[in-house]
Each structure stands twice: as structure tokens, then as C-alpha cells.
Amino acid sequence: MPLSTQLEAGEEQYVLIASLDNARNLSNILKAIQFKDHATFLATSNGIKVTVEDSKCLQANAFIQAEIFQEFSIQEDSVMFRVNLAVLLDCLTIFGGSAVPGVTTALKMCYNGYGYPLTLILEEGGVVTVCKINTQEPEETLDFDFCSTNVINKVILQSDSLREAFSELDMTSEVLQITMSPDKPYFRLSTFGNSGSAHCDYPKDSDMMEVFQCTQTQTNRYKMSLLKPSTKALSLSCKVSIRTDSRGFLSLQYMVRNDDGQICFIEYFCCPDEEVGEQEQ
Amino acid sequence: MRCVVATSNVKVLGKAVHSLSRIGDELYFEPLSSGLALRCVNSSRSAYGCFLFTPLFFQHYDSGAPPGGLEDSGFRCKMGMKSVQTVFKSLSSLDKTVEKCEIDLNPGGNRLVFQLHCKYGITKTHNLSFQESESLQPVFQKDGYANVLRAQPRLLADTVVHFPPSLEEVNVTVSGERVQFRNHLEDEQDASKMMLTEMSLDADEFESFQVREETGITFCLKELRGLLSFAESSGLPLSMYFDQPGRPVVFGLDDPVLEVNFVLATLSDEETTTHRERNRSRPPQADTSHDDFLSDDMDSYMIAMETSAVGGAEAQPCSTGSDHRREREPVSAACSSGSKQQRGRESGSEEEEEEEEEELPGTPPQKRFRSLFFGSVLSPYSQGANQTLRNQEVLAEASDSDPEEQEEETAKK
């Protein structure tokens, strides 16, 4: 049901207007990348991309296509701003975070352009809240230069099987080692913690393995602290694609189905850990 | 050494590990010809738990012993409890996802490999480091007890649920017809300010109620809870063996494929009666001073932990040298509440703790258990009576014992 607008000026002034009948379709996705306080929003005619980065080694992107929104209009080619993600999420869930069946919070997001705050109009059960969040100068986001032509190994797994493995990862290990190979062990997650090493192997013919395209044996290590936040995205998703390129850069792509059955994507890019020591056998 | 555990038993193994984790920080792993023994003892040696999985429990069991079935392989080790718990982390999904669990010693002999074969072909391998250790075997014999109660674990679980989780010690008094559970009060606690909980169970609520001596004992509830949760899930009847205060209480579960024993220290008589504010079932005895731990009666109440006598390994019990001077307090003496029972027993225990190479906490535990474990009875695992007596070691060692006599170092590679 379209939200009646309470705008001070005419709608034409806004460079970006996006409306959702169910604000959770946005907030759930954003929670999955909320490992840092600030996020960069990039809106184009395709939709919105929200980026969060950590230590110049990790980048998470959430893509919410224009089709997901009930209303989506953008007056410029691209609109970019930086905003406090924690505050934004607090506003999106201002009527309470938990899902009550049948009750949804409607959202209208408006942005007037550079220097203006991001306005959120939220409505639930006849109660309307207007939030204005200050925006900041957008920062250059990292370009991991990860293109499909450089991809050496790729697997697509059903998230269910990976979820348990991730939740059981030995957190005393500083790194998570990912081995992908056309031969055994095919796909292996390894940790090296205080008590010893642990490996979780997925065979290429497992029911959980939807796609297995590994051309070369690769073993890369990534800092556990960087990858741990991706567990949230994993728990939301139904499928995950794991790819590594010739530099050992990791791309994790999560397919998330929202409340209305629409598909959104979350992507994590991670640099390999520089100090790659001898691998544990 | 290789064991394979099939589906539903993997969860039992996991639960056993979790219930032992309530006792202490290290899991002792010993594959015997009679089965796999998982043991744990707490830092003050006042609680001990053992799960013995017979070969029938396994799909495949090879203890690594030479064929003939007469000798044991001699391999025994201990691992950090947390590490083993990690293998069996998500208990609830274990029976749904795990098809098989294999435990092997790796070819290099320096890692114990737990491999879980799960659904969809997924394999989880844990290579755990371990320390070679001496055998952890308390000396006790269930046959020697005057009182034996047996009940469905549900009964005891329902009883202890009424006591607050923070309750440390519980007092159990038994007469011919009933048994009473009470929370135990420290003597410095004023009874009028504390909540007193008392539960009474009739003899007929028990599967078996054999009381030859009307008595009351006090022991620590915390460590028992681990056993109770395991027992409840297994549905096996739980037996309780006890008599005089001071003599440890034994809780056991028996099953064709599994034998579980938890041995807990009890407060000795002098302490229980002087601390009682009111007259309970026992008339107060002569007010023996707390300081009187030099009495000869201590002899029979010292912990005797049998060393790994077989095979001539020189391994010593975890903590002490062979000090036979009985006037030294037993380790469990360490469990006295810090402020009041200062003295030699504290220093004895701290030394004992310092000598141990394991990571014992620096401060002695707050419990007041003094004398604990057992004494003259034979270990069920001992090779012979003579060996047991010869090898009985006092756990709390003399302050002037030479640290070099600690053979723990040599026992470990």
C-alpha cells in the first residue's frame, strides 16, 4: 500500500526515492554486512549497492535491485553517499526488530543529493516515523578487480551444509585455509587452532555441491577475523558461490531470498593472508 | 589404535565428553583391552568421572594392544577438554548429520585424529594434540558400601532441579525408609538468612533401596549434574553407593556396552557436625578442631591414585612424589574455603598444584572438602592387590619433596 508522503517540498527535488512495503527486505540484507559502522550507498538505475569495508582487505556488498522496490526513481546516473549503517538499521527497525506475522513496516527512502540527509519515512499500523540521517562524503571503495576471466576455481554449495561448518570453526585459529582442487580433497576448509588442526571436506559429488569447477589445486589462507562476519550472510542465504582467482583473492557470493521470495545478492571479497606458511598435511 | 563409532553412539560419545567437561579441564583418553576409558578429575581431586566404553559399543575397536588380550597397549594420553568438546560441538545435530566417527592415532603418533563422516559425503577431521600421561585411576570398590540406592535418573534430576544452580554442596541423609536432600550451609552462613531447601524421597520411589547404615553425607552437586544429564538421556538406572561421611560417594550407570562411574568426595564427619547449626540425624560428636588433620584416620581417606604400574612405566600420578607420610593432608584438603582453613593444607595444595605441569588455577578452590578419596580398597583395574598397595601415592606432597622427583616430565615425551 503506497505510503502517503509527507514531504516539505515537491517530490521532484529528490534525486533518489525508493519505497518498500516491507522494510525488512532491506534491513535483513543490511544486517548481514553490518560488521562496520559505516557503509557507502551507491544507487543507479539498476538498484542500490551498499558497501562495507574492513582494513582494506575485506569488502562486503549488498545488492538490492530496483525490481525489489515498489517504487524506485533516480534522477541522476549515480548517487553515492556514506552513512552510519548502525543508525540506519536502528531506524529501519524502529518499530521493533522481530517479525510479527502479518505486520510489516513500510518504508520510503528519500535523498535530495549531496549535502542533504537521507530521509526515511517508516509506517506501521498507522504510526509514522520520519528519520533524517546525516550523510557523509562517500569514500572511494576498493576495487578488487575480481573478474570471472581470472577465476581459477569455483564451487556453488547449498548454504545449509556450509552453515554448520562455519559455526563450528575453531575460533582460536587465526586463519581459515581454503583448499580447492580438481583432485582430493576437492573442497576443504581448514583451521589451525590451539588444540590442533581441523578440516572439513566436501567431495565434488556431494548432494550439497551444485557446481564444481576446479581447474587447479589452490590453497589460500584468509584471516579468520575477516571472514567470520560472513557467517551472517551465510545464515540468510540458500546458496553460496565460492571463487578464487589467480592471485588467491576470494569471492563469496550469497543468494538470499527475502520475505517475499525475491532474490538479492550479498558478495564478500577477501584478500589472502600474506604470511602463507607451510600447509598442514 | 583405532575405534569406529556408528551413528547413534556418536551422540552418546559426545554427551559423555560434555558431561565430563563439568568436572575438569582435561580429558584422559585410554584405550584398554576392556574398552575405551574417558576420564576426568577436577583440580582439587575431589571429583572424578569415568566412562568406559566396551568394545561392543564400537563398530570397530582396536586398542592397539598386542594380540592375546592380556596386555594393554600402554597408550594413554590427556587432551584439553575444550578441544575434544569442539569435535562434538553441535550435540543436537550429531545424530542427524553424523554417520560415523573414527578415532585413530595418526601415523606420526603425535595427533589423535577424530574423523566425523557426515551426510552428503562431508568429512570433518580434527587432529588433536595430546600429552602422554599416566593412568588416572582412583581406588574404590562399589561392593564395599553399606548403602546402595538405585533409581531412574529422572528421579534424581527432578530432585536436584529444586536446588539453585549455584548451589555447591548438597547433603543427603538416609534412614531405613526415606532419603532426604538438603542444601548444605557453610557454617559462616546464618541459617535464618538463607533459603533452606529440603526434599524427601520415599524408599519405594527407588528401584532398589538398600540401607545398612543410617547416615548423612555432603558432597558437591555441580559435578554430579553432568552425570545426571547424561543419565537422563540414556535412560539407564543410576546407582548411588555411599556410607560414612568422609568416604567418597560413587554414582554409577551400568549397561552392557558402557560403564560410567562418578566418584565424589564427601565432607568428613568432624566438619559436617561442627558446621551444623541444628541437630540433624546425627548427634554432634566431640568438637574436633578443624586443625586436627593430623589424625590417623586420615590414612584411610587419602586419595590413592594408582600409577600406571603395568609395563614398568615410571609414570607417577599427576601430582606428587611418593610421599607416604600420612600426616600430610590429602589434596582434597586443598578444597578448603580460603579464609578459614588457611594453614598447611593450603600450602600443601598449592605446592601440589604448582608442581603439576598442567595449568591448574593458582588459588585453591573454595570447597571445603577435606578428605576424599578412598584408601584401602582395590582398584578394579589393578593387576593385583600387592601392586595397588605398593603404588598408592599420596596426592598432596610434602613441602620438602624434591621437584625433580616429579616424574611427570619423564612420563611425557
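This one's a predicted model, so the numbers in the text were calculated from it and none came from an experiment.

Helices and strands together make up the secondary structure of chain A, namely five helices and 19 strands. For 281 residues, the compact-globule estimate of 2.2 N^0.38 gives 19 Å, and chain A sits close to it at 20 Å. For chain A, the C-alpha atoms occupy an extent of roughly 65 × 40 × 35 Å along the three principal directions. Expressed as a percentage of its 281 residues, the buried residues of chain A come to 53%. Approximately 12700 Å² of chain A is accessible, and the part contributed by carbon and sulfur atoms is 46%.

Further remarks concern the sheet that holds strand 13 (residues 169–174) of chain B. All names here are of chain B. A sheet is described by the order of its strands in space; here four strands give the open sequence 15-14-13-17, paired in antiparallel fashion. The sheet is open, and its two borders are formed by strand 15 (198–202) and strand 17 (215–220), each paired with just one other strand. If you compare each strand with its neighbour and ignore which way they point, the axes differ by 20° on average. Sheet topology note: the strand 13/strand 14 (residues 178–183) ladder contains five bridges and is antiparallel. In the strand pairing of strand 14, Val170 is matched with Asn183.

Turning to unusual backbone geometry, a few remarks are in order. Omega for the bond connecting Lys184(A) with Pro185(A) falls within 30 degrees of zero, at 0°, which places this linkage in the cis form. Here Pro185(A) is to be found in the loop between strand 12 (175–180) and strand 13 (187–193). One non-glycine residue, Ser55(A), lies in positive phi territory at about 45°. Its place among the elements puts Ser55(A) in the loop between strand 3 (47–54) and strand 4 (58–65). Here Arg45(B), not a glycine, exhibits a phi torsion of approximately 60°, which is positive. On the secondary structure map, Arg45(B) appears in the loop between strand 3 (35–41) and strand 4 (47–53).

Over the atoms rolls a probe the size of a water molecule, and its path tells where empty space is left. Using the criterion set out here, one finds seven cavities of 30 Å³ or more in the structure. There is about 120 Å³ of room inside the second largest cavity. Taken together, 14 residues line the second largest cavity, and the ones lying closest to its centre are Glu168(A), Leu169(A), Ala198(A), Cys200(A) and His126(B). Going through the elements one at a time, strand 13 and strand 14 (196–202) of chain A together with strand 9 (123–129) of chain B are the ones with two or more residues in the lining of the second largest cavity. Of the residues that constitute the lining of the second largest cavity, the class distribution is five nonpolar, six polar and three charged.

Among the nonpolar cores identified, the biggest contains 148 residues, and Leu120(A), Phe187(A) and Phe29(B) are the most heavily contacted of them. Residues from two domains meet in this core; each of domain 1 (16–136) and domain 2 (151–270) of chain A gives at least three. Not counting residues within four places of it along the chain, the set of residues in contact with Phe29(B) comprises Met1(B), Leu36(B), Ala37(B), Leu38(B), Phe75(B), Arg76(B), Cys77(B), Met79(B), Ile103(B), Leu112(B) and Phe114(B). Counting residues in hydrophobic clusters, the runner-up holds eleven residues, among them Val41(B), Cys50(B), Tyr145(B) and Val250(B).

Read across the sheet, nine strands follow the order 16(A)-12(A)-13(A)-14(A)-9(B)-8(B)-7(B)-1(B)-5(B) without closing on themselves; strand pairing throughout is antiparallel. Among the strands making up the open sheet, the edge pair consists of strand 16 (218–223) of chain A together with strand 5 (60–62) of chain B. Neighbour-to-neighbour, the strand axes of this sheet turn through a mean angle of 15°, independent of strand direction. Relative to strand 8 (residues 111–118) of chain B, strand 7 (residues 98–105) of chain B runs antiparallel, the two being bridged by seven bridges. Counted as the bridge partner of Lys100(B) is His117(B) from strand 8 of chain B. Relative to strand 1 (residues 2–6) of chain B, helix 1 (residues 7–20) of chain B is tilted by about 110°, and along the sheet it contacts strand 1, strand 7 and strand 8 of chain B.

Listed by partner, the interface residues are 18 residues for chain A and 16 residues for chain B. With both chains or domains summed, chain A and chain B bury close to 1500 Å², and 45% of this area falls on carbon and sulfur atoms. Contact with chain B buries surface across chain A, with Glu164(A), Glu168(A) and Ser195(A) losing the most and accounting together for 36% of the total. Linking chain A to chain B there are two salt bridges. Across the salt bridge formed by Glu168(A) and Lys124(B), the nearest N and O atoms sit 3.5 Å from each other. At the junction of chain A and chain B, the tally comes to nine residue pairs in polar contact (both at pLDDT 80 or more).

On to the packing of aromatic side chains, then. The full count for this structure, using the stated rule, is 23 aromatic pairs over all chains. A centroid spacing of 6.2 Å and a plane angle of 90° characterise the contact between Phe88(B) and Phe114(B), whose relative ring orientation is edge-to-face. Of this pair, Phe88(B) sits in the loop between helix 2 (81–87) and helix 3 (91–97) while Phe114(B) sits in strand 8, placing them 26 residues apart in sequence. Across the pair, exposure class does not vary: Phe88(B) and Phe114(B) are buried alike. A ring pair is formed by Phe219(B) and Phe251(B), whose centres lie 5.6 Å apart and whose planes are at 65°; its orientation type is edge-to-face. With Phe219(B) in strand 17 and Phe251(B) in strand 19 (residues 249–255), this pair connects stretches of sequence that are 32 residues apart. In this structure Phe251(B) comes out as buried when scored by relative accessible area, which is 2%. Grouped by ring-pair contacts, the aromatic residues Phe51(B), Phe53(B), Phe57(B), Phe58(B), Tyr61(B), Phe230(B) and Phe262(B) constitute a single cluster. Across from the ring centre of Phe249(A), 3.9 Å away, lies the NZ or CZ of Arg247(A), which sits over that ring.

Looking now at the pattern of salt bridges. If you walk through the whole model with that rule in mind, you get 24 salt bridges over all chains. Notably, a salt bridge pairs Arg247(A) with Asp245(A), separated by 2.7 Å at the nearest N-O pair. Judged by its relative accessible area of 36%, Arg247(A) falls in the partly exposed class. Judged by relative accessible area, Asp245(A) falls into the buried class, the value being 0%. Close ionic contact of Asp243(B) with Arg247(B) constitutes a salt bridge, the shortest N to O distance being 2.8 Å. As far as burial versus exposure is concerned, Asp243(B) and Arg247(B) are alike and both buried.

Cut-off values and rules
Residues numbered from 1 in each chain as written. Chains lettered and ligands numbered in written order. Predicted model: local features only at pLDDT ≥ 70, side-chain atom pairs only at ≥ 80, totals over all residues. Heavy atoms only, no water. Helix = DSSP H or I, 4+ residues; strand = E, 2+ residues; numbered from the N terminus. Rg over C-alpha atoms; globule rule 2.2 N^0.38 Å. Buried < 20%, exposed > 50% of the residue type's maximum accessible area, 1.4 Å probe, protein only. Areas by Shrake-Rupley, 256 points an atom, 1.4 Å probe, with all protein chains shown as cover. Pairing = 2+ DSSP bridges. Axes fitted to C-alpha atoms, helices over the stretch in contact; angles between N-to-C directions. 1 Å grid on protein atoms, 1.4 Å probe; cavity = no way out; pocket = protein on both sides within 12 Å on 5 of 7 lines; lining within 4 Å. Points joined across faces, edges and corners; volume = space filled by probe spheres on them. Nonpolar A, V, L, I, M, F, W, Y, C, P; charged D, E, K, R; others polar. Core = buried A, V, L, I, M, F, W, Y, C linked by side-chain atoms within 4.5 Å. Domains from an automatic or database assignment. Contact = heavy atoms within 4.5 Å. Buried area = accessible area lost by both parts, 1.4 Å probe. Salt bridge = Lys/Arg side-chain N within 4 Å of Asp/Glu carboxyl O. Polar contact = N/O pair within 3.5 Å; in protein donor to acceptor, adjacent residues only side chain to side chain. Phe/Tyr/Trp six-rings, centres within 6.5 Å; stacked < 30°, edge-to-face > 60°. Lys NZ or Arg CZ within 6 Å of the ring centre and 35° of its normal.

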